[in-house]
Every structure is written in structure tokens, then in C-alpha cells.
Amino acid sequence: MSSDEMTPMERVSATLGHEVPDRVPFFLLLTTHGADEFNVSIEKYFSNPEMVAEAQIRMQQKYGHDCYYAFYYASLEAEAWGGNSIFYPDAPPNSGRPIIDHFEDIHSLEVPDVAGSAILKNVLRTIEVLKQNSGNDIPIIGVVMSPFSLPTMQMGFGPYLDLIYDEPEAFRELMNVNEEFCVQWANLQVEAGATAICYFDPVSSSTMIPPELYRRTGFKVARKTISQIKAPTVTHMASGRCLPVIDDIMDTGTVAISTSSLEPLSDIKAACKGKVTVAGNLNGLEMRHWSPQETEDNVRSAIEEAADDGGFILSDNHGDIPYGVSSEVLMDLSSSAIKWGQYR
């Protein structure tokens, strides 16, 4: 490392502070790819927290990106509530049967023992190992599902929309227990060594619900929850649009917003400049088929649209790069990010 080259932590910290680092930081948010590092199934991989940590270390060393990503898979939180996950050989696990069959079930719902959950403890162990390896040089990104988006796994999307519109008291009751769970889970990750928390909130996206409904619901939930998390948060819409509610998202207290490839990155940056950092917005699905030239063109375009004067982290737009994206494409992403992301 040259005397002018920053560590990933310095680079990301400068960016979040709206200062110009040595180059644009880039996050390769890799999860299931770690199974290939050990030639094991995805299910076996996520059963071993030390293996997950070692894979994150190997992949960061291989591709040179600026974070460790402690995320396993979304339905892990549903498991903590008593649900289950369905595993696939070539894709992230998905949530199984909902734990809430009827609205009345919400009245008896209790916050699970977050600290005692075996599956959650695996994630905490991964974070601890990553912290031991990184010290203060590489940011560790922890993840929570927002209290407002978690019910899509707890009860299914259709019934959840019915709950929001038709049963306001039961909705508030569900938000209360989900908020308590989310805050506990986020802060345990921070205690284990997470530098920041990614607050996944796809239901709040304007792709999913009207902006006026978000302002009455997900916005209030986010503002209350984020205020209790003891680390910076990055709000992630998981490929959903955010521009119609971007001022509201900034008012939740988040320090960064991850954007969709469906929206002009330059518009997002203009709205956020000097206020919150922008992350995004490479299309992970299309990425599976990119040639080296297409990869470079997409990286260059994103940097040209949003990296001026800092405040930008290059990343994918979903928060989980698909399993089908090859190591060759990932290497091309890395070399292109370094080539075109220089500030100095």
C-alpha cells in the first residue's frame, strides 16, 4: 500500500463523511458465492460460521473490494421467529411456510430470544471472526430486515397488505414486536464487531407501495427503529425504486441509501448530495451475462453519474450479487472500479 492509498475503512469513512477519498469505494456484496470457495453446498456453507467468515476474507483478498459482508440470507430472520428456509443448489434460500396464519395470531406473538437463537448466533460468530481478522481496516456490514418488511416472510405479502389497510391496530402490534426484535438483532451485531447495519426495507420502496402509504407506515417505523441502532445504517430497497420518497428516507436518520438500476443514478445523487451517501446501482441480474467491455462500461457510467465530489459507493442494486455471476465478471468489476474510480 502506498502512502497515499487509504485502507477500506478510511476510504468508506471519508465517503460517508462526504469527503473525497483516494478512490471510489466499491462493495461486492457476495453471499452464496462463498460456498464455491470451499466447494460445498449452500446449505452446508451457511451452517458453518467460521467457513462463512473465511470465505468473506478470501473473496475480499481476491477481488479487493472495500467491505466484509456478514449477511447470510433473508429468511434466516424468519427462522429465528420459528419459521423455516428452503435451500436451493444455485440460489439463496427462501422463506418457507409463514408463521402467522390468521391476524389473531399476532396478539400472541412474542419476540424470540435473539441472543439465544442458534441461527442468529452463527451470524454473530461470523462477525466476531471477521473483526478479529480486520481490526479497524475493513468495514463489516451487518444486516437486518426492517420491521416493516419482515412480515412478508412472517405472513406472506398479500395478507400483509390486507393487514396494513384493514387492521391498523394489529398492524401496529406487529410493528411493535418486530421493532423490538430488529433493534436487539442489529445491536448484537454491532457488539460483535459490525461497523454498520444495512437496513433492508424493500416493502417501503415506491415499487411496492404508494409513497403516501410509506409516509404513514414504513417511514415512521424506520425513523423509530434506526434511532435505536447503535451504528450507522444504510437503507436498502433491494432493487426497488426510492426516488419518490428519497427526502423521507433521508429523514429517517440513515447515512446512506442504496438505489435501484431502474432509476437514474444522477438524479439520486443530485437529491442526496451533501446529505447522505449513495450506493449502487449495478444491475445484478444483467451482470450474469456481461462481457468484459460491458462490465467496464457499466462501472464507468455509474462512477461518472454519481462519484463527483465523493459521497458514492459503487455496488450492485439488490444487496446480494446473484450466484450465477462468474468470478471473471467479479474480477472485471474490481479492475474497472479501480481504473475509473480514482480521485487522485
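Residues numbered from 1 in each chain as written. Predicted model: local features only at pLDDT ≥ 70, side-chain atom pairs only at ≥ 80, totals over all residues. Heavy atoms only, no water.

**Q** Outline the nonpolar core, listing residues and values.
**A** If you look at the biggest cluster of nonpolar residues, it comprises 109 residues, and the most contacted ones within it are Phe148, Tyr160, Leu174, Trp185, Phe312, Leu314 and Leu333. Top contributing element to this core by residue count: helix H9 (residues 168-192), with 10 residues. Residues in contact with Trp185, not counting those within four places in the same chain, are Leu76, Glu77, Val114, Leu120, Val123, Leu124, Val143 and Val144. (Core = buried A, V, L, I, M, F, W, Y, C linked by side-chain atoms within 4.5 Å. Buried < 20%, exposed > 50% of the residue type's maximum accessible area, 1.4 Å probe, protein only. Helix = DSSP H or I, 4+ residues; strand = E, 2+ residues; numbered from the N terminus. Contact = heavy atoms within 4.5 Å.)

**Q** Explain the side chain of Thr277 to me, using residue names and the numbers behind them.
**A** Inspection of the secondary structure assignment puts Thr277 in strand S8 (residues 277-282). For Thr277, the contacting residues outside a window of four places in its chain are Thr15, Leu16, His18, Val255, Ala256, Ile257, Gly311, Phe312 and Ile313.

**Q** Quick one: what's the story with the environment of Gly280, residue by residue and with numbers?
**A** Among the secondary structure elements, Gly280 is positioned in strand S8. Using a relative accessible area of 0% as the deciding quantity, one classes Gly280 as buried. Separated by 46 residues in the primary sequence, Gly280 and Val234 place their C-alpha atoms 12 Å from one another. Once you skip the residues sitting within four places of it in the chain, Gly280 turns out to touch Thr259, Phe312, Ile313, Leu314, Ser315 and Asp316.

**Q** Describe unusual backbone geometry, listing the residues and the values that go with them.
**A** Of note, the bond from Gly280 into Asn281 is cis; its omega dihedral lies within 30 degrees of zero at -20°. A positive phi angle, close to 55°, is found at Asn39, a residue other than glycine. Its place among the elements puts Asn39 in the loop between helix H2 (33-38) and helix H3 (42-45). A residue is classified by how much of its surface remains accessible, and Asn39, at 73% relative accessible area, is exposed. For Ser239, which is not glycine, the phi dihedral falls at a positive 85°. Along the chain, Ser239 falls in the loop between strand S6 (233-236) and helix H12 (246-250). Here Ser239 falls in the partly exposed class, since its relative accessible area comes to 23%.

**Q** Before we move on, can you summarise the pairing of S8 with the specific residues and values?
**A** Summarising burial for S8: 6 of the 6 residues are buried, a large majority. With helix H13 (residues 265-272) bridging strand S7 (residues 256-258) and the parallel S8, this β-α-β connection has right-handed handedness. Strand direction decides the pairing type here: S8 and strand S9 (residues 312-316), joined by 5 bridges, are parallel. Following the sheet pairing, Leu282 is matched in S9 by Asp316. (Right-handed = clockwise from strand over helix to strand, strands pointing away. Pairing = 2+ DSSP bridges.)

**Q** Please provide a residue-by-residue account of the pairing of strand S5 (residues 196-200), values included.
**A** Within S5, 5 of the 5 residues are buried, which leaves the element mostly enclosed by the surrounding structure. When strand S4 (residues 140-145) meets S5, the two strands line up parallel, connected through 5 bridges. Its bridge partner lying in S5, Ile141 is registered against Ala196. The sheet contact formed by S5 and S6 spans 4 bridges and is parallel. Residue Cys198 lies in a different strand from S6, and its bridge partner there is Val234.

**Q** So what's going on with the packing of H13 against helix H15 (residues 292-306)? Which residues, and what values?
**A** At a closest axis distance of 8 Å, the pairing of H13 and H15 adopts a crossing angle of 30°. Classified by the angle their axes make, H13 and H15 are roughly parallel. Every pair of crossing elements has a handedness; the one defined by H13 and H15 is right-handed. Contacts between H13 and H15 pair Leu265, Ser266 and Lys269 from the former with Ala302, Glu305 and Ala306 from the latter. (Axes fitted to C-alpha atoms, helices over the stretch in contact; angles between N-to-C directions. Parallel < 35°, antiparallel > 145°, perpendicular 65-115°, else oblique. Left-handed = near helix turned anticlockwise from the far one by under 90°.)

**Q** Now, about a negative patch on the surface: what can you tell me, with residues and values included?
**A** A surface patch of like charges, here negative, comprises Glu104, Asp162, Asp166, Glu167 and Glu169. Tracing the chain through its elements places Asp162 in helix H8 (residues 157-166). (Patch = residues over 30% accessible without salt bridge, like charges linked within 9 Å, V, L, I, M, F, W, Y side chains within 5 Å. Areas by Shrake-Rupley, 256 points an atom, 1.4 Å probe, with all protein chains shown as cover. Salt bridge = Lys/Arg side-chain N within 4 Å of Asp/Glu carboxyl O. Lys, Arg positive; Asp, Glu negative; His and termini not counted. Charge placed at Lys NZ, Arg CZ, Asp CG, Glu CD.)

**Q** I'd like to hear about the pattern of salt bridges, residue by residue, with values.
**A** Should the charged atoms of two oppositely charged side chains come close, the side chains can pair. A complete count under the given rule lists 13 salt bridges for this structure. We note a salt bridge from Arg11 to Asp22, for which the minimum N-O separation is 2.8 Å. Of this pair, Arg11 sits in helix H1 (residues 8-16) while Asp22 sits in the loop between H1 and H2, and the two are 11 residues apart along the sequence. For the pair Arg11 and Asp22, a shared accessibility class is recorded, and that class is buried.

**Q** Any details on the packing of aromatic side chains? Residues and values, ideally.
**A** By the definition in use, this model includes 11 aromatic pairs. Measuring from ring centre to ring centre gives 5.3 Å for Phe46 and Tyr73, while their planes differ by 65°; the resulting arrangement is edge-to-face. Of the two residues, Phe46 is situated in the loop between H3 and helix H4 (49-63) and Tyr73 in the loop between strand S1 (68-69) and helix H5 (75-80); the sequence distance between them amounts to 27 residues. Accessibility assignment for this pair places Phe46 and Tyr73 in one class, buried. An aromatic cluster is present here, built from Tyr45, Phe46, Tyr72, Tyr73 and Phe87 joined pairwise through their rings. A cation sits over an aromatic face here: Arg58 above Phe38, 4.1 Å from the ring centre. (Phe/Tyr/Trp six-rings, centres within 6.5 Å; stacked < 30°, edge-to-face > 60°. Lys NZ or Arg CZ within 6 Å of the ring centre and 35° of its normal.)

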